Amino acid sequence: VAKTSLTSPPWPEVKLPDPVEEAKYHAEVVRKVNGLISAGQYGRLFAVVHFASKQWKITSEDLIMMDNVLEAECGDRIRMEKVLLVGADDFTLVGRPLLGKDLVRVEATVIEKTESWPKVNVRFWRRHNFQRKKIIANPQTVLRINTIEIYPCLS
Amino acid sequence: RYVRQLQRLQLLFSPTAADARGAREFVEEAAQDFARQHPDVVLYVSPHAGPGPAPVLRAEYLNGTVRDELIASKTSEEIVQLATKLASQSGLDIIRIRKPFHTDNPSIQGQWHPLTNKPSILTVQGPRLQPQ
């Protein structure tokens, strides 16, 4: 059969590797990463955490502000679950969709609970003599991420 | 490792004014409870006799900002809520903040620039270029 421009797809053909070799390669990679974690050879860790209906990329010692009220008082330590991703300089651990609680530990402290700046909510209809003015100040909480730790128990 | 940002709370009111009734009730009943619940805040009560300025709750923070809140014609529960709110604030200005997060080290694995994850010219096998 003659070869036309539509016989083969326009993207380059990819050959998948052998599943046995693939499994061996995966096991080797997991062993190496486990070795690195247990030896403690990672610098800063960053994590992607789902908190207050938003996903944040956090490292240690950084500030985060929520637009809601948490039930913890100022100065309480909070442990964040729902960790989606953890990474360091050489490796990353991706969860599907969450990582286990015995793998990662993210701790944060509540620093302050203030209100936002006073926002003005004005409703106006022209030619109808309708004006309403309302000042809204949402409560906010500020957290500081203390530590992110991982424990060597991969599988 | 948590330091409360409120230094002291000064309650300025006059005992004879009519609109300082809530402040007087607060001083009689709730001031001791408040002081015990927040042991690292100093509460000063300074009544000035005779007609003076309006009753004011003044909060001073560790970075020097002073915030005044009027307590005229407020009940003592509202004053308690106000005081707790001020106690959990820090002395930064309440203006619009642009970003709800702040990091000192934003990138760990190196910041992305358009040349990451691209093969370099030295390894491309084209019709004319030879790998060196």
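Fair warning: this is a prediction, and the values are worked out from it, not measured in the lab.

**Q** It is not clear to me how the UniProt feature "domain: Ribosomal protein/NADH dehydrogenase" (unreviewed entry) in chain B should be interpreted in this structure. Could you clarify?
**A** UniProt feature "domain: Ribosomal protein/NADH dehydrogenase" (unreviewed entry): in the numbering of this structure it lies at residues 15-90 of chain B. Note that residues 15-90 of chain B is 38% helix and 22% strand, and that its end C-alpha atoms are spaced 30 Å apart.

**Q** Before we go on, may I ask you to explain the sheet that holds strand β4 (residues 66-70) of chain B in this structure?
**A** Hydrogen bonds between backbone groups are what pair the strands of a sheet, and the pairing can be parallel or antiparallel. Residues and elements named next belong to chain B. With mixed pairing, the four strands of this open sheet are ordered in space as β2-β1-β3-β4. Since the sheet does not close on itself, it has two edges, and those belong to β2 (42-47) and β4, each with one partner. Taking the axes of each pair of neighbouring strands and ignoring which way they run, one obtains an average angle of 20 degrees across the sheet. Inspection of the sheet shows strand β3 (residues 56-61) paired to β4 by five bridges, in the antiparallel sense. Opposite Glu60, over in β4, you have Val66 as the bridge partner. Seen against the sheet, helix α2 (residues 76-87) touches β1 (6-13), β3 and β4 and runs at an angle of roughly 165 degrees to β4.

**Q** I keep staring at the side chain of Ser76 of chain B and nothing clicks. Help me out?
**A** By the secondary structure assignment, Ser76 of chain B is in helix α2. Residue classification places Ser76 of chain B among the buried residues on the basis of a relative accessible area of 8%.

**Q** I would appreciate a short explanation of the packing of helix α1 (residues 21-37) of chain B against α2 of chain B in the present structure.
**A** Residue and element names in this part refer to chain B. Relative orientation of the contacting elements α1 and α2 amounts to 50 degrees, with a least axis distance of 9 Å. On the basis of their axis angle, the class for α1 and α2 is oblique. Considering how the two elements wind past one another, α1 and α2 form a crossing that is right-handed. Where α1 abuts α2, its residues Gly22, Ala23, Glu25, Phe26, Glu29, Ala30 and Phe34 lie against Ser76, Ile79, Val80, Ala83, Thr84 and Ala87. Of the residues belonging to the contact of α1 with α2, the class tally is eight nonpolar, three polar and two charged.

**Q** Explanation requested: the interface of chain B and chain A in the structure shown.
**A** Taken residue by residue, the interface counts 20 residues in chain B and 27 residues in chain A. With both sides pooled, the region where chain B packs onto chain A buries about 1,900 Å², and carbon together with sulfur makes up 58% of that total. In terms of surface lost to chain A, no three residues of chain B exceed Tyr2, Ile108 and Gln109 of chain B, which account for 30% of the buried area on that side. Ionic pairing is found between Glu115 of chain A and Lys85 of chain B, a salt bridge with its closest N-O pair at 3.7 Å. When the residues that make up the side of chain B that touches chain A are grouped by side-chain class, the tally is nine nonpolar, seven polar and four charged. Pairing geometry for strand β3 (residues 62-66) of chain A and strand β5 (residues 101-102) of chain B, over two bridges, is antiparallel. Bridge pairing links Ile64 of chain A to Phe101 of chain B in β5 of chain B.

**Q** Any chance you could explain the side chain of Thr114 of chain A here in plain terms?
**A** Position of Thr114 of chain A among the secondary structure elements: in strand β7 (residues 104-115). When neighbours within four sequence positions are excluded, Thr114 of chain A is seen to be in contact with Asn138, Pro139 and Gln140 of chain A together with Gln89 and Ser90 of chain B.

**Q** Would you mind showing me how to read the pattern of salt bridges here?
**A** Opposite charge on two side chains permits pairing when their charged atoms draw close. Across all of its chains, the model carries eight salt bridges over all chains by this definition. The shortest N-O distance in the salt bridge between Asp68 of chain B and Arg58 of chain B comes to 3.5 Å. Taken together, the positions of Asp68 of chain B in strand β4 and Arg58 of chain B in strand β3 put the pair 10 residues apart, joining distant regions of the chain. Given the relative accessible area of 47%, Asp68 of chain B is considered partly exposed. Each of Arg77, Arg105 and Glu107 of chain A takes part in one network of salt bridges that share partners.

**Q** Help me out: how do you make sense of the sheet that holds β3 of chain A in this one?
**A** Read across the sheet, five strands follow the order β4(A)-β7(A)-β10(A)-β3(A)-β5(B) without closing on themselves; strand pairing throughout is antiparallel. Edge positions in the sheet fall to β4 (77-80) of chain A together with β5 of chain B, since each of these pairs with one other strand and no more.

What counts, and where the lines are drawn
Residues numbered from 1 in each chain as written. Chains lettered and ligands numbered in written order. Predicted model: local features only at pLDDT ≥ 70, side-chain atom pairs only at ≥ 80, totals over all residues. Heavy atoms only, no water. UniProt positions renumbered as here; feature names shortened; annotations may be inferred. Helix = DSSP H or I, 4+ residues; strand = E, 2+ residues; numbered from the N terminus. Pairing = 2+ DSSP bridges. Axes fitted to C-alpha atoms, helices over the stretch in contact; angles between N-to-C directions. Contact = heavy atoms within 4.5 Å. Buried < 20%, exposed > 50% of the residue type's maximum accessible area, 1.4 Å probe, protein only. Parallel < 35°, antiparallel > 145°, perpendicular 65-115°, else oblique. Left-handed = near helix turned anticlockwise from the far one by under 90°. Nonpolar A, V, L, I, M, F, W, Y, C, P; charged D, E, K, R; others polar. Buried area = accessible area lost by both parts, 1.4 Å probe. Salt bridge = Lys/Arg side-chain N within 4 Å of Asp/Glu carboxyl O.

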